[in-house]
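Commentary on secondary and tertiary structure
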Amino acid sequence: MSFSTLCAHIETLVGRDPGQRGCSCLIEPGDLAAAARSMAAAANVLIATGFPQASGEAETDGPPGALALAAALAALGKQVQLVAEPRILAVLTAGALALDRRLTPIPFAEGTAGAFHPDLLVSVERPGRAADGHYYNLRGECITHRVAPVDALFLGSAASVGIGDGGNEVGMGKVYGRIATAVRHGQRVASVVPCSHLVTAGVSNWGAWGLVAALSALTGRPLLHGPATEVALMTGIVAAGAIDGVTGQAALTVDGLPLAEHLQMLEALHALPLAAAAGI
Ligand code: CA
């Protein structure tokens with residue numbers, strides 16, 4: 001199986017839409033392969049994640065995927081910097097422990113990106129501003145007061161990868177015209193913030209895992225963590241304050257879906273012929 005065929009399989013697998021949000025209309029075929037190639041070629045990668053909830057706490061979608069990507073890129077010898085609001089940093093630190101990686105997330109501030117000199121920007125489930133300059137959740141509620149303008153980094157000319165599942169995240173500006181009809185409240189919440197390569201998934205964590213699987217194939221290295229590690233990661237981040245963005249509960253669920261469904265997705269990615277597609 002060629003690398004691009006494998007990536008097409010991954011796009012379909014992680015693009016499954018259990019929340020019936022309409023995200024499958026927002027898939028850009030071929031972008032997952034291109035995103036993996038840009039990651040393999042990058043030296044300094046800045047990863048933004050975290051969709052602040054009602055009191056500013058982190059949700060269980062975003063940070064786990066961002067951490068899996070950060071660990072994979074660090075294993076490939078790249079410099080990686082995670083960035084988010086201060087309230088979300090504790091969750092990232094707790095999750096990094098489960099992955100046995102020393103990743104030191106930093107709070108977003110003006111000049112964050114410039115100081116790190118990233119040659120690739122990555123967003124995993126980060127709010128992206130809408131046409132009116134405000135940030136919205138998928139219920140159509142304005143959340144501008146609790147979002148740091150991390151998405152401004154992606155309005156420049158740097159190469160970037162956006163991962164999302166709803167149309168209101170950084171990167172979705174690439175398919176802006178489709179969001180209004182594909183997604184509930186789309187006209188209001190659609191993000192105008194574009195990216196070079198867009199990975200749309202049923203759950204944003206799945207998109208990040210799909211990219212790690214593609215990176216494994218591209219580099220011939222087993223980079224994707226297993227179900228036991230994911231359970232430890234989820235347990236760690238929920239203990240550190242992460243909640244489910246759909247139910248609002250501090251539970252081992254993501255987007256209202258039970259942990260077992262996410263572990264099945266990880267296993268399905270592991271079952272792909274990743275080694276056979278290496279370097280092709
Ligand atoms: Ca989500």
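First, a word on what this report is: a plain description of the structure on this page. All of these numbers come straight from a predicted model, not from anything done at the bench. (Residues numbered from 1 in each chain as written. Predicted model: local features only at pLDDT ≥ 70, side-chain atom pairs only at ≥ 80, totals over all residues. Heavy atoms only, no water.)

Now for the overall build of the chain. When helices and strands are tallied, the chain shows 10 helices and eight strands. The C-alpha radius of gyration of the chain comes to 17 Å, within 12% of the 19 Å expected for a compact globule of 280 residues. Taken over 280 residues, the chain has a buried fraction of 58%. Of the contacts formed within the chain by residues at least 6 apart in sequence, a portion of 75% connects residues at least 24 apart. (Helix = DSSP H or I, 4+ residues; strand = E, 2+ residues; numbered from the N terminus. Rg over C-alpha atoms; globule rule 2.2 N^0.38 Å. Buried < 20%, exposed > 50% of the residue type's maximum accessible area, 1.4 Å probe, protein only. Contact = heavy atoms within 4.5 Å.)

The subject of this paragraph is the sheet that holds strand E2 (residues 79-84). Ordered by their spatial adjacency, six strands build an open sheet running E3-E2-E1-E4-E5-E6, and the pairing between neighbours is parallel. The sheet is open, and its two borders are formed by strand E3 (106-107) and strand E6 (197-200), each paired with just one other strand. Relative to strand E5 (residues 160-164), strand E4 (residues 120-124) runs parallel, the two sharing four bridges. Looking at E5, one finds that Val 122 is bridged to Val 161. Packing of helix H2 (residues 31-41) onto the sheet brings it into contact with E4, E5 and E6, and relative to E6 it is tilted by some 120 degrees. The sheet contacts of helix H8 (residues 204-219) involve E4, E5 and E6, and relative to E5 the element is tilted by about 135 degrees. (Pairing = 2+ DSSP bridges. Axes fitted to C-alpha atoms, helices over the stretch in contact; angles between N-to-C directions.)

Turning to the coordination of the calcium ion, a few remarks are in order. Octahedral six-donor coordination of a metal ideally yields angles of 90 or 180 degrees, compared with 109.5 degrees for tetrahedral four-donor coordination. At 2.2 to 3.2 Å from the calcium ion lie its protein donor atoms, namely Asp 61 (OD), Glu 125 (OE), Asp 165 (OD), Asp 165 (OD), Asp 255 (OD) and Asp 255 (OD). Geometry at the calcium ion is irregular, judged from its six donor atoms and the angles of 43 to 169 degrees they form at the metal. For the calcium ion, the single-chain donor residues occur in sequence as D-x63-E-x39-D-x89-D. One end of the pair, Asp 165, is in the loop between E5 and helix H6 (176-182); the other, Asp 255, is in the loop between strand E7 (253-254) and strand E8 (257-258), and 90 residues separate them in sequence. (Donors = N, O, S within 2.8 Å, 3.2 Å for Na, K, Ca; no water. Tetrahedral: all angles 85-135°; square planar, octahedral: opposite > 155°, others 65-115°.)

The final tally for this structure, using the stated rule, is zero disulfides. Between Cys 7, a free cysteine, and Cys 195, which holds the nearest cysteine sulfur, the sulfur-to-sulfur gap is 16 Å. You can see Cys 23 has no disulfide; the closest cysteine sulfur is in Cys 25, sitting 8.3 Å from it. (Disulfide = S-S within 2.5 Å.)

This paragraph deals with the pairing of strand E1 (residues 44-49). With respect to burial, E1 is a largely interior element, five of its six residues being buried. Sheet topology places E1 next to E2; five bridges connect them, and they run parallel. Along E2, the bridge assignment pairs Ala 48 with Val 83. As for the winding sense of the linkage, the β-α-β connection from E1 through helix H3 (residues 63-75) to E2 is right-handed. Pairing of E1 with E4, which is carried by five bridges, proceeds in the parallel orientation. (Right-handed = clockwise from strand over helix to strand, strands pointing away.)

This part covers the nonpolar core. Residues Ile 10, Met 39, Ile 47, Leu 69, Val 122, Leu 211 and Leu 269 are the most contacted members of the largest nonpolar core, which totals 66 residues. Looking at this core, the element that brings in the most residues is H8, giving 10 residues. Apart from the residues within four sequence positions on either side, Leu 69 is in contact with Met 39, Ile 47, Val 122, Val 124, Ile 163, Ala 208, Leu 211, Val 212 and Leu 215. Listed in part, the 13 residues of the second largest apolar core include Val 83, Phe 108, Ala 113 and Val 150. (Core = buried A, V, L, I, M, F, W, Y, C linked by side-chain atoms within 4.5 Å.)

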